[in-house]
Amino acid sequence: CRMIDPSFYLLAGLYLYILALYVGVPGPVVQGYVEDQATGHKLRYRLNGLRVYFIVMTTYCALAYLQIIPWGLLYEHRWGCISAANIIGLVASVVFFVRGDTKKKYTSKITIGNKDTPPGTEGFGIGALKILDDFYLGLEDNPHWGVFDGKMFLYLIGGTVLNLNVLSFVAHQYEVMGGGMTIDHSSILYLFLFSFFVVEYLFHEHVHLYTWDFVGEKLGAKLIWGCLVFFPMFYPVGAWTIADHPIRHHHNYMHALAIITFFTGWILSRGANLQKYYFKIDPRSSFLGIQPRSIGGRILCSGYWGLSRHINYLGDLLMSIGLALAADYSDIIAWLYTIYY
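Residues numbered from 1 in each chain as written. Predicted model: local features only at pLDDT ≥ 70, side-chain atom pairs only at ≥ 80, totals over all residues. Heavy atoms only, no water.

Let's shift gears to the layout of surface pockets. When its volume is computed, the largest pocket comes out at roughly 1700 Å³. Those elements giving two or more residues to the lining of the largest pocket turn out to be α8 (185-203), α10 (212-215), α11 (221-234), α12 (252-281), β8 (299-300) and α14 (311-326). For the lining of the largest pocket, the leading source of residues is α11, giving eight residues. For the lining of the largest pocket, the residue count by class is 26 nonpolar, eight polar and ten charged. What the second largest pocket holds in volume is close to 350 Å³. As for the second largest pocket, its lining consists of 16 residues, and the residues nearest its centre are L19, I88, A92, F153 and L228. Counting residues per element, the ones that place at least two in the lining of the second largest pocket are α1 (6-24), α4 (78-99), α7 (150-176) and α11. (1 Å grid on protein atoms, 1.4 Å probe; cavity = no way out; pocket = protein on both sides within 12 Å on 5 of 7 lines; lining within 4 Å. Points joined across faces, edges and corners; volume = space filled by probe spheres on them. Helix = DSSP H or I, 4+ residues; strand = E, 2+ residues; numbered from the N terminus. Nonpolar A, V, L, I, M, F, W, Y, C, P; charged D, E, K, R; others polar.)

See below:
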């Protein structure tokens, strides 16, 4: 029997370490926007994501500094970690799908048009498609135990492992090129921009409690697999263009363009989300001196949201372009994250 790839233990151990920290590290407890369907009370969340992130990053750097692990550990096990993440992501997706009362849902009568079709006879028709749809989009709204929230934990794993991957890839380049001052500025810039992206996201954990992910999206394979696989493994795809790359000398204007593009996007994305956050807390409150105007008291149409219906998505797109420009922008791989958007 073939032994399990060590990469599986590496990634599973990392995920379990983050889980233990998320459970054990203290943090402020706040009231969210979503209500508990059973009690009608607002759900409460412990916001310790930024603390957990810094503990994990410090642990990795300390172990690497003490030469217990190589700095490029996640790079060296990149393919195995991707495979392990897919296994963990798919298993977790199945577990939460089964939790969603599937027996009651799919052993009942299925109606197609005006006819009642017994379960098991619908083949790959509407019934099967509905099951796939529910598996992908989810059945549970907000799995929540006390102040432990499934969605918060998943986003924490995604962001933290993403940043570890970028650090590991950049560190690998540093080691391959012989250390010293040989690491190029583009790699440092790429690491800085993605680190800012993650830290800033975790700093605004309370704001994200008011976004669609928590308010309207269910917990299915889209979010579970997305946070355990796609978010940490695909988002930093530009790092693959710099890990084994010979030293590149980007012109300073390209670095400046990457920074300007990224932070222009950040201003649009963060500004839009903050404006919506304050509006949901108090529909009468102004944001940056802008008085709120809305449609039906629910849909903002002033400030950032007066410029575009999804101005925050434009901001995310610009940030992805900035990251591609900081990596090897001549390589199509660096643009996959942007193409995804």
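Attention now moves to empty space enclosed by the protein. All chains considered together, the criterion is met by four cavities of 30 Å³ or more. Its boundaries defined by the atoms lining it, the largest cavity holds a volume of some 80 Å³. In terms of lining residues, the largest cavity is bounded by L74, R78, C81, I82, N165, V166, F169, P232, M233, P236, A239 and W240. Elements supplying a minimum of two residues to the lining of the largest cavity: α4, α7 and α11. A per-class count over the lining of the largest cavity returns ten nonpolar, one polar and one charged.

With that settled, consider the pairing of strand β1 (residues 29-35). Bridging between β1 and strand β2 (residues 42-46) involves four bridges; their strand directions are antiparallel. Note that in β2 the partner of E35 across the bridge is K42. Hairpin remark: β1 followed by β2, antiparallel, with six residues in the connecting loop; positive phi at G40, about 80 degrees. (Pairing = 2+ DSSP bridges.)

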